[in-house]
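# Results of the structural survey
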Amino acid sequence: MDAAEPGARRARLRLVGVLVAVLLSGLGACSTAYTEGTSAPPARPNGSLEAARAKLGLVQQDPCYTSRDLATQWTVCGRWEEEVRNVATAAAGARPANPEITDPAAAVEAGHERFLRAGCPAGVAPADPGACIAAVEVTRTGVTRLATGIAGAR
């Protein structure tokens, strides 16, 4: 090993460290660019409501939403419940001051919580399958209301 080699290596490591620091500081500046110098809350991209609208359209095609026979369907609705909850949370976050979106999002959350409390995500019959069916119905009603609220939002 050459005596100059460790010094060259240290110089390269310092250079990499400086470059990483510059890149990270640049990223930090980007996060405040929308609101710097204002008292406005951070800007939310318009795409977040559009993304929620698109995902909501997909979850409305799921058998957990469309099935007339929830007595046989609820056992596979755990993943659907999670997806719907995520969509509702995203939509409410995109329009936190819009009750046409936040109220149905809260209804979706309530249905999801009932589904969890009844032990439904496991997909096996709990003590009361009726509780799971009722929870999915609450969630479905919230999804319908959320779709209406998102459709009217601009």
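### Observations regarding the pattern of salt bridges
The full count for this structure, using the stated rule, is three salt bridges. Measuring nitrogen to oxygen at the nearest pair gives 2.7 Å for the salt bridge that ties Glu109 to Arg85. Remark: Arg85 occurs in helix H5 (residues 78–94) and Glu109 occurs in helix H6 (residues 99–117); sequence separation between them is 24 residues. We classify Glu109 as partly exposed; its relative accessible area is 24%. Note on Arg85: relative accessible area 28%, which makes it partly exposed.

### Section: the nonpolar core
Side chains that are nonpolar tend, in soluble globular proteins, to be buried together. If you look at the biggest cluster of nonpolar residues, it comprises 29 residues, and the most contacted ones within it are Leu56, Trp80 and Ile150. Elements with a minimum of two residues in this core: helix H2 (47–59), helix H3 (63–66), H5, H6 and helix H7 (129–152). Beyond its immediate chain neighbours, meaning those up to four positions away, Trp80 contacts Val59, Asp62, Cys64, Tyr65, Val136, Thr139, Arg140 and Val143.

### A closer look at the side chain of Arg140
Along the chain, Arg140 turns up in helix H7. It is Glu137 that comes nearest to the buried, bridge-free Arg140 among opposite-charge side chains, at 6.2 Å. For Arg140, the side chain forms a polar contact with the main-chain oxygen of Tyr65, separated by 3.4 Å. Not counting residues within four places of it along the chain, the set of residues in contact with Arg140 comprises Cys64, Tyr65, Thr66, Ser67, Leu70 and Trp80.

### With respect to the state of the cysteines
By definition, a disulfide links two cysteine residues through a covalent bond between their sulfur atoms. Evaluated as defined, the whole model comprises two disulfides. Here Cys64 connects covalently by a disulfide to Cys77, the sulfurs 2.1 Å from one another. Taking the torsion about the sulfur-sulfur bond, which here is approximately -105 degrees, the covalent link between Cys64 and Cys77 counts as left-handed. You can see Cys64 sitting in helix H3 and its partner Cys77 sitting in the loop between helix H4 (70–73) and H5, a full 13 residues away along the chain. One exposure class covers both Cys64 and Cys77, and it is buried. Here Cys120 engages in a disulfide with Cys132; their sulfurs sit 1.9 Å apart. The chirality of the disulfide connecting Cys120 with Cys132 is left-handed, given an S-S dihedral of about -95 degrees. Here Cys120 is found in the loop between H6 and H7, whereas its partner Cys132 is found in helix H7, with 12 residues between them in sequence. You'll find Cys120 and Cys132 in the same group, each marked buried.

### Let's talk about the side chain of Glu81
Position of Glu81 among the secondary structure elements: in helix H5. Here Glu81 is buried and forms no salt bridge, its nearest opposite-charge partner Arg85 lying at an N-O distance of 8.2 Å. Not counting residues within four places of it along the chain, the set of residues in contact with Glu81 comprises Gly111, His112, Phe115, Ala135, Val136 and Thr139.

### Considering the environment of Ile150
Secondary-structure assignment places Ile150 in helix H7. The exposure class of Ile150 is buried, given its relative accessible area of 1%. Each C-alpha atom, one on Ile150 and one on Ala92, is 9.6 Å from the other, the two residues being 58 residues apart in sequence. Setting aside chain neighbours within four positions, we find Ile150 in contact with Leu49, Ala52, Arg53, Leu56, Ala91 and Ile101.

The rules behind the values
- Residues numbered from 1 in each chain as written.
- Predicted model: local features only at pLDDT ≥ 70, side-chain atom pairs only at ≥ 80, totals over all residues.
- Heavy atoms only, no water.
- Salt bridge = Lys/Arg side-chain N within 4 Å of Asp/Glu carboxyl O.
- Helix = DSSP H or I, 4+ residues; strand = E, 2+ residues; numbered from the N terminus.
- Buried < 20%, exposed > 50% of the residue type's maximum accessible area, 1.4 Å probe, protein only.
- Core = buried A, V, L, I, M, F, W, Y, C linked by side-chain atoms within 4.5 Å.
- Contact = heavy atoms within 4.5 Å.
- Lys, Arg positive; Asp, Glu negative; His and termini not counted.
- Polar contact = N/O pair within 3.5 Å; in protein donor to acceptor, adjacent residues only side chain to side chain.
- Disulfide = S-S within 2.5 Å.

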